[in-house]
Amino acid sequence: MTARSIDAARLLWRIRTLGEIGRDSDGRLVRLAASDAEKLGRDQFVVWIEDAGLAVAVDRIGNIFGIWKPDGVADEAPLLLGSHIDTVIGAGIYDGCYGALSGLEVIETLKAEGLAPSRPIVVAAFTNEEGARYAPDMMGSLVYAGGLDVDAALATIGTDGTILGQELERIGYAGEHEPGFLRPHAYIELHIEQGPVLEREGIPVGAVEDLQGISWQRVTITGDANHAGTTPISMRRDAGHAAARVVIFLRERAKASNTPTVATVGCMRFEPDVINVIPSRATFTVDLRDPDEDRLREEETALTNFLEILSTEEQVGISVERLARFEPVKFDQGIVGLIEKAARDRGLACRRMTSGAGHDAQMIARIAPSAMIFVPSIGGISHNPREYTADEDLVAGANILLDVVRQLAKEGLPA
Ligand code: HGY
Ligand code: MN
Ligand code: MN
């Protein structure tokens, strides 16, 4: 059996083909979880899985699996690869899709080279990794790993008022398998870095050994609608101004700290949202992240304390709803070592690193040894149509995944 490399043309063509599915009238890529657009992406992924001769399975939260279990291979815990194919609004074509399609590509290549794996090899596309329509993010893999009850997840109400379970039914991806029906032996996820580190250092491969903690909250501030022209500043209970003070507070605090802490207010809505009415209500989200759990808790406490002061000073009501909370995750050092060795064997520079973004791997790490491989993002840009990774880096990353999977399929996890 001669060890091959992946079929680069096939992988790159699939990435670009999937990247055209789910464009809105403005040409933006929008494949929100369980939407009609995402259904089209799911359908295409399933076609490619079937074309590869894999068995398709869908679980109750809509996670899609392509299963390669050659005749004679024991019903052992599988090697699991994959990522997600749902996107944010105005997405790039690589986030998630690169890992899901590379996982499929690796299986097809190993089949073609005649590998007799010691265990099944499975590729997954997890539901609702982005959390853009239904919170929390990484929902499908979180349910799969037993971190969220599947019925509770299916009852989630989206930003558009829809219910996830009904949407999965409607698009035909409310599967019958119980989440967690395949307990992985190991999980490896290939993903674009979505940050500036690898490009800045001129390194083509990242061996991801940990992933930072994530805190998502929704804050609602209530004041009084009043006339923009007649109401003296001293008499205002201005929810909009109070919300703006929170945005400034978060940025100033993160900037002043010499830690990797990041804070983002990504969504904000005023009511009644009229040019000459002082906002009576401001609703916005806060995304806090830090690789250190104690620091992340400190940031959450600092925000809580600031909101209390703000409520008094601005004479407004403030309520907070938690949307997601994930502690930092350490990945499996044995698999990280295999990634570094695979890069060395292919003559590629590699560095260990932390993931700033959330990924399905952080959830699957709850039930199996897991790790990630990163490739450079040009300009560190992601969640943006300008997201870009050079073809040679995409191919190199997929070949590293191939070599790590081949090693695990033959020898299992390093002792
Ligand atoms: O939020 C994240 O980091 C991921 O893109 N869902
Ligand atoms: Mn992603
Ligand atoms: Mn993303």
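The structure presented is a predicted model; accordingly, all values stated were derived computationally and were not measured. By convention here, each chain's residues receive numbers from 1 onward along its written sequence. Key to labels: chains lettered from A, ligands numbered from 1, both in the order written. The model is predicted, so local features are restricted to residues of pLDDT at least 70 and side-chain atom pairs to those at 80 or more, both for listing and for counting; the totals for chains, interfaces and linings are taken over all residues. With hydrogens and water set aside, each side-chain value is computed from the structure's full complement of heavy atoms.

### Describing the coordination of the manganese ion (ligand 3)
Logical step 1: Binding of the manganese ion (ligand 3) to the protein goes through D95 (OD), E130 (OE), E130 (OE) and H383 (NE2), at separations of 2.1 to 2.6 Å.
Logical step 2: Between consecutive donor residues of the manganese ion (ligand 3), the sequence gaps follow D-x34-E-x252-H.
Logical step 3: In this structure, the manganese ion (ligand 3) lies 3.5 Å away from the manganese ion (ligand 2), the two metals sharing D95 as a donor. One end of the pair, E130, is in the loop between β4 (121–126) and α4 (139–144); the other, H383, is in the loop between β14 (370–375) and α12 (391–411), with 253 residues separating them in the sequence. Only nitrogen, oxygen and sulfur atoms count as donors, using a 2.8 Å cut-off from the metal that widens to 3.2 Å for Na, K and Ca. Water is left out, so coordination shells may look unfilled. Helix numbers and strand numbers start at the N terminus; a helix is a DSSP run of H or I with at least 4 residues, a strand a run of E with at least 2.

### As for the UniProt feature "binding site: Zn(2+) 2" (unreviewed entry) in the protein chain
Logical step 1: UniProt positions are given in the numbering used here, feature names are shortened, and annotations may be inferred rather than shown by experiment. Mapped onto this structure's residue numbering, the UniProt feature "binding site: Zn(2+) 2" (unreviewed entry) falls at D95, E130 and H383. The greatest C-alpha distance among the annotated residues, which extend across 289 residues, is 10.0 Å, indicating that they converge on a single site.
Logical step 2: Within the secondary structure layout, D95 lies in the loop between β3 (79–84) and α3 (97–112).
Logical step 3: The contacts of D95, once residues within four sequence positions are left out, are H84, E130, H191, I192, Q194, S382, H383 and E387.
Logical step 4: Ignoring sequence-local partners within four residues, the contact set of H383 consists of V88, G90, D95, E130 and Q194.
Logical step 5: We call two N or O atoms a polar contact when they sit within 3.5 Å, provided that within protein one can donate a hydrogen and the other can accept it, with sequence-adjacent residues counted only if both atoms are side-chain atoms. Engagement of the side chain of H383 in a polar contact is seen with the side chain of E130, the distance being 3.4 Å. A contact between two residues is defined here by any heavy atoms of the two lying within 4.5 Å.

### Some points on the pairing of β4
Logical step 1: Counting buried positions along β4 yields six of six residues, so the element is predominantly enclosed.
Logical step 2: Strand direction decides the pairing type here: strand β2 (residues 64–68) and β4, joined by five bridges, are antiparallel. The residue bridging I67 from the neighbouring strand is V122, located in β4.
Logical step 3: Strands are treated as partners if at least two bridges between them are detected by DSSP. Here β3 runs beside β4; their pairing, made up of six bridges, is parallel. Across the sheet, L81 pairs through a bridge with V123, a residue of β4. Only protein chains enter the area calculation, which uses a 1.4 Å probe; residues under 20% of their type maximum are buried, those over 50% are exposed, and those in between are partly exposed.

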